[in-house]
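# Examining the three-dimensional arrangement
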Amino acid sequence: MTASPAPERPTFTPSAELFPFTSRWFASSVGRVHYVDQGQGRPILFLHGNPTWSFLYRGIITRLQDRFRCVAVDYPGFGLSDRPSGYGYTPAEHMQVVGELVDHLGLEDLIIMGQDWGGPIGVALATTIPERVSGLVLGNTWFWPVDLPATRIFSRVMSSPPLQWAILQRNFFVERLIPAGAARRLTSAEMDHYRGVQPSPQARVGVAEFPRQLLAARPWLAKLAAQAPALLWAKPVLLVWGMRDVAFPPKATLPRMRATFSDVVLVELPMARHFIQEDAPEEIGRAVLERFG
């Protein structure tokens, strides 16, 4: 019997200055998962999107760790987590892995924050353990089948052979979409932290899969869109929204968010684009403290 190949694992070491947190590891059912667990108090779980990792939340964690237990995880295929063979890199699988970590850490009275793909992953997780979730923070995200024509076109274009090649071979999502999605210019050291965890085409398979999942995960998203209001209607929700984001424009997205939950506070981030954690960590930290502190 031939042994399965060892999981691909980035060897990048984050800067202690930029990412002043202790890296921790969890042996999930699919491979080793990297996370940080900083501070004490009510737990808040930070979930990233594509092509980012727990590094994205560094500015928010440093502002909240005196009042909250801040847990930020890298999905398999992202950050310092394994790239396991046989893993599909779908949002449903990521949700299962994150759920394993939540159980492992015994998190209760939990606040979940999700941005980009972290939104549907976090909302899906909340629907499986509503009794353990006491609030949601959602920013520049969604959790229903994509219906905007621009998003559907984006999925098809990014799933095409030429763009899949660019994502895998040229690290297109990191090199082009992160700078385009932030209002401020990231430093070379910050960009190196996004590049360093996606060092090879083999390491970028998860990044390449997410744009396909915008359409491929439609049945999963449709089920989630039905479950969320039924199970999470009364949960306190904080919306922190980058108002200059072209991926999740406020006028098209916020009404759907407001219609899903009964207790919503919106904090507009007027200058922020898609990566709100890079553009407005201070404002987001303050809004979380005011809503849940």
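The structure this text deals with has already been given above.
Overview of the structure.

Reading the values: rules and limits
- Residues numbered from 1 in each chain as written.
- Predicted model: local features only at pLDDT ≥ 70, side-chain atom pairs only at ≥ 80, totals over all residues.
- Heavy atoms only, no water.
- Helix = DSSP H or I, 4+ residues; strand = E, 2+ residues; numbered from the N terminus.
- Rg over C-alpha atoms; globule rule 2.2 N^0.38 Å.
- Buried < 20%, exposed > 50% of the residue type's maximum accessible area, 1.4 Å probe, protein only.
- Contact = heavy atoms within 4.5 Å.
- Areas by Shrake-Rupley, 256 points an atom, 1.4 Å probe, with all protein chains shown as cover.
- Lys, Arg positive; Asp, Glu negative; His and termini not counted.
- Charge placed at Lys NZ, Arg CZ, Asp CG, Glu CD.
- Polar contact = N/O pair within 3.5 Å; in protein donor to acceptor, adjacent residues only side chain to side chain.
- Core = buried A, V, L, I, M, F, W, Y, C linked by side-chain atoms within 4.5 Å.
- Pairing = 2+ DSSP bridges.
- Axes fitted to C-alpha atoms, helices over the stretch in contact; angles between N-to-C directions.
- Phe/Tyr/Trp six-rings, centres within 6.5 Å; stacked < 30°, edge-to-face > 60°.
- Lys NZ or Arg CZ within 6 Å of the ring centre and 35° of its normal.
- Arc of directions from axis to C-beta.

## Structural notes on the overall build of the chain
Across its full length, the chain carries 12 helices and 8 strands. A compact globule built from 293 residues should have a C-alpha radius of gyration of about 19 Å, and the chain, at 18 Å, falls within 12% of that. A principal-axis box enclosing the C-alpha atoms of the chain has dimensions of 50 × 40 × 40 Å. Here the chain holds 293 residues, and the buried ones make up 57% of them. Within the chain, contacts between residues at least 6 apart in sequence are counted, and of these 79% link residues at least 24 apart. Taken as a whole, the chain presents about 11,900 Å² of accessible surface, with 54% of it coming from carbon and sulfur. Within the chain, the 26 negative side-chain charges are centred at a point lying 5 Å from the centre of the 29 positive side-chain charges.

## Overview of the side chain of Gln115
Its place among the elements puts Gln115 in strand S5 (residues 110–116). By relative accessible area, which is 0% here, Gln115 ends up buried. Among the polar contacts made by the side chain of Gln115, one reaches the side chain of Gln277 at a distance of 3.2 Å. Among all residues touching Gln115, those that are not within four sequence positions of it are Leu47, His48, Gly49, Leu56, Tyr57, Gly139, Asn140, Thr141, His274, Phe275, Ile276 and Gln277.

## Things to note about the nonpolar core
The nonpolar side chains of a soluble globular protein tend to be buried with one another. Counting residues in hydrophobic clusters, the biggest one holds 58 residues, and the most contacted among them are Leu45, Ile112, Leu136 and Phe143. With 6 residues, helix H2 (residues 91–105) is the largest single contributor of residues to this core. Once you skip the residues sitting within four places of it in the chain, Ile112 turns out to touch Leu45, Leu47, Gly122, Leu125, Ala126, Val133, Gly135, Leu136 and Val137. Grouped together as the second largest cluster of nonpolar side chains are 37 residues, Phe19, Ala72, Phe275 and Ala287 included.

## Some words on the pairing of strand S1 (residues 24–27)
Sheet analysis places S1 next to strand S2 (residues 32–38), joined by 4 bridges and oriented antiparallel. Pairing of Arg24 across the sheet is with Tyr35, part of S2. Taking the residues between adjacent antiparallel strands as the criterion, S1 and S2 are bridged by 4 residues, where Gly31 takes a positive phi near 155 degrees.

## Structural notes on the side chain of Asp82
Along the chain, Asp82 falls in the loop between strand S4 (68–73) and H2. For Asp82, a relative accessible area of 2% gives the class buried. Only 2.8 Å separates the side chain of Asp82 from the backbone nitrogen of Arg32, close enough to count as a polar contact. Here Asp82 is in contact with Pro7, Glu8, Arg9, Gly31, Arg32, Pro76 and Gly77, once residues within four sequence places are set aside.

## A look at the sheet that holds strand S6 (residues 133–141)
Read across the open sheet, the 8 strands follow the order S1-S2-S4-S3-S5-S6-S7-S8; overall the sheet is mixed. Edge positions in the sheet fall to S1 and strand S8 (263–269), since each has one partner strand and no second. Neighbour to neighbour, the strand axes of the sheet diverge by 20 degrees on average, direction disregarded. Sitting on the sheet, helix H10 (residues 250–260) touches S6, strand S7 (236–242) and S8, and the angle it makes with S7 is about 175 degrees.

## Observations regarding the pairing of strand S3 (residues 42–47)
Taken across its 6 residues, S3 has 5 buried, putting it largely inside the fold. Pairing of S3 with S4 involves 6 bridges; the strand directions are parallel. Within S4, the position partnered with Leu47 by the bridge is Val73. Pairing between S3 and S5: 4 bridges, direction parallel. Opposite Leu47, over in S5, you have Gly114 as the bridge partner.

## Focus on the packing of aromatic side chains
Inspection of every chain in the model, using the stated rule, returns 16 aromatic pairs. An angle of 65 degrees between the planes, with centres 6.2 Å apart, marks the rings of Phe154 and Phe173 as edge-to-face. Linking Phe154 in helix H4 (residues 149–159) with Phe173 in helix H6 (residues 172–180), this pair joins segments that are 19 residues apart in sequence. An aromatic cluster of three or more residues is present, and its members are Tyr75, Phe78, Trp117, Trp142, Phe210 and Phe248. Its end group placed over the ring of Phe55, Arg58 keeps NZ or CZ at 3.9 Å from the ring centre. The ring of Phe292 has Arg291 sitting right over it, with the charged end atom 5.8 Å from the ring centre.

## A look at H4
Buried residues of H4: Thr151, Ser155 and Met158, and no others. The arc that holds the buried residues of H4, viewed along the axis, is 80 degrees, so those residues lie on one side. Looking at H4, the residues exposed on the side facing more than 90 degrees away from the buried face are Pro149 and Ala150.

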